[in-house]
Amino acid sequence: MDTMTEAPPLTFPAIWRHQNLLDLERLRSDELQAILATAQTLKDLTDGCRRKLSLLSGKTCANLFFENSTRTRNSFSLAAKRLGADTVEFSSSGSSVAKGETFVDTAKTIEAMGVDWVVTRHHTPGTPHLLARELQCSVLNAGDGPHEHPTQGLLDILTILQNRGPANWMDPAVNASELLSGMTIAMVGDIAHSRTARSNIWGLKALGAHVIICGPPTLVSHRWEEIGFEVAHRLDDIVQRCDVLNLLRIQFERQYTRPFPSVREYAALYAMNGDRMRRAKEDILIMAPGPINRGVEITPEVADGPHSVILEQVTNGIAVRMAALWLLAGAHERASS
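Residues numbered from 1 in each chain as written. Predicted model: local features only at pLDDT ≥ 70, side-chain atom pairs only at ≥ 80, totals over all residues. Heavy atoms only, no water.

Novice: An account of the packing of aromatic side chains is needed here, citing residue identities and associated values.
Specialist: Pairs of aromatic rings are described using the distance from one ring centre to the other and the angle between the two planes. Counting across every chain of the model gives seven aromatic pairs. Between Phe66 and Phe103, the ring centres sit 4.9 Å apart and the planes meet at 70°, which makes this aromatic pair edge-to-face. With Phe66 in the loop between β3 (60-65) and α2 (71-82) and Phe103 in helix α3 (residues 103-111), this pair connects stretches of sequence that are 37 residues apart. By the burial criterion, Phe66 is buried, and Phe103 matches it. Ring pairing ties together the aromatic residues Phe66, Phe90 and Phe103, which thus form one cluster. A cation sits over an aromatic face here: Arg321 above Phe76, 5.1 Å from the ring centre. (Phe/Tyr/Trp six-rings, centres within 6.5 Å; stacked < 30°, edge-to-face > 60°. Helix = DSSP H or I, 4+ residues; strand = E, 2+ residues; numbered from the N terminus. Buried < 20%, exposed > 50% of the residue type's maximum accessible area, 1.4 Å probe, protein only. Lys NZ or Arg CZ within 6 Å of the ring centre and 35° of its normal.)

This is the structure in structure tokens:
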């Protein structure tokens, strides 16, 4: 049976003033460092996100998901419960939305039940931003179409810092904009439809990493070069330079035309396999936001190999979402006082 311990002393970062978490593009490097350091602290305090604390006892988190989700929805629910909060689960299937109620009215109805956070996923970009203007409680973006998925970007970056970051990366006196300086990190795959890619790209750039955006020409726009990112269309051209590879799923559900001749051809050009691993750096990190398609973007020997940190990413998802809930609640309370 789970037991809950008293809330430990935890210092609220003075620089954090955001009451909503909508994207990473507009967060400063020191704000990113603050939420990542808080996530690491909470992970340690909860024994790897397994033990309960009473930090958010009496508060309620509502998950409003208008798209399918397994990892993100469960991760947010566990994060809330690990900190002592209650959860409300909403699915558009069988709800009043099917009867004609608007998205905003549904969210306002849920808010009127006394919730403190609304976590939302929707296929339309900008939906969380709309809710943030309409609701009084905090809003967290769990994915808005192909736009952003900020907590996924944060958990990916936390995983990189844990494995390759400087020993003092949590120290606020450290220059946050150089935490990942000297590292080359590639986002590989379906960039055009990936909200995970966008959140990673903005967060990694803010922390000083060299970001390569790699994929088929039909899925990687050269406009990324205009704002300072390297673009590559062949994984073999960059694999030897990379410290981290983040392998993105091909999102067939968001595509209206096939962007490459066949899955077999895509795998031949972009899948991380044993041959490419032998040409990569000895300490390369292999990441994937999931769900992974074995044999498409990654082969089983790589996904389950010693360089893979895919399951670490899952655990870090709970830590990052605990940090987000705690920080937004604190900022909301400070603004109200």
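Novice: Please provide a residue-by-residue account of the sheet that holds strand β11 (residues 285-287), values included.
Specialist: Pairing in this open sheet of five strands is parallel, and the strands run β9-β8-β7-β10-β11 from one edge to the other. In this open sheet, the two edge strands, each paired with only one partner strand, are β9 (230-232) and β11. In this sheet, neighbouring strand axes are inclined to one another by 20° on average, regardless of whether the strands run parallel or antiparallel. Pairing analysis gives five bridges linking strand β7 (residues 184-188) to strand β8 (residues 210-214), with the strands arranged parallel. Across the sheet, Ile185 pairs through a bridge with Val211, a residue of β8. Most of the contacts of helix α5 (residues 150-164) go to β11, to which it runs at about 165°, and overall it touches β7, β10 (244-247) and β11. (Pairing = 2+ DSSP bridges. Axes fitted to C-alpha atoms, helices over the stretch in contact; angles between N-to-C directions. Contact = heavy atoms within 4.5 Å.)

Novice: So what's going on with unusual backbone geometry? Which residues, and what values?
Specialist: Residue Asp47 is not a glycine yet carries a positive backbone phi of 55°. The residue Asp47 is located in the loop between α1 (29-45) and β2 (52-53) in this model.

Novice: Summarise the packing of α1 against α5; cite the residues concerned and give the values.
Specialist: Closest axis-to-axis distance for the α1/α5 pair is 10 Å, and the angle between their directions is 70°. Taken together, the axis directions place α1 and α5 in an arrangement best described as roughly perpendicular. Touching Leu32, Ile35, Leu36, Ala39, Gln40 and Lys43 of α1 are Leu154, Ile157, Leu158, Leu161 and Gln162, all from α5. Grouping the amino acids of the contact of α1 with α5 by side-chain chemistry returns eight nonpolar, two polar and one charged. (Parallel < 35°, antiparallel > 145°, perpendicular 65-115°, else oblique. Nonpolar A, V, L, I, M, F, W, Y, C, P; charged D, E, K, R; others polar.)

Novice: Before we move on, could you go through the pattern of salt bridges and cite the residues and values that matter?
Specialist: It is possible for side chains of opposite charge to pair when their charged atoms get near one another. Applying the stated rule across the entire model yields 16 salt bridges. For the salt bridge of Lys59 with Glu333, the shortest nitrogen-to-oxygen distance reads 2.9 Å. Linking Lys59 in the loop between β2 and β3 with Glu333 in helix α11 (residues 310-336), this pair joins segments that are 274 residues apart in sequence. Overall, the relative accessible area of 17% leaves Lys59 in the buried class. Overall, Glu333 belongs to the partly exposed group, its relative accessible area being 45%. (Salt bridge = Lys/Arg side-chain N within 4 Å of Asp/Glu carboxyl O.)

Novice: Pulling in residues and values, what's your account of the nonpolar core?
Specialist: Counting residues in hydrophobic clusters, the biggest one holds 69 residues, and the most contacted among them are Ile35, Leu36, Leu56, Trp117, Leu180 and Leu204. Examining the composition of this core, we find that 12 residues originate from one element, α11, more than from any other. (Core = buried A, V, L, I, M, F, W, Y, C linked by side-chain atoms within 4.5 Å.)

Novice: Before we move on, could you go through the layout of surface pockets and cite the residues and values that matter?
Specialist: The calculated volume of the second largest pocket comes to roughly 340 Å³. Lining the second largest pocket are 23 residues, with Arg71, Ile310, Leu311, Gln313 and Val314 sitting closest to its centre. If you list the elements that add at least two residues to the lining of the second largest pocket, you get α2, α5 and α11. At seven residues, α11 tops the list of elements feeding residues into the lining of the second largest pocket. (1 Å grid on protein atoms, 1.4 Å probe; cavity = no way out; pocket = protein on both sides within 12 Å on 5 of 7 lines; lining within 4 Å. Points joined across faces, edges and corners; volume = space filled by probe spheres on them.)

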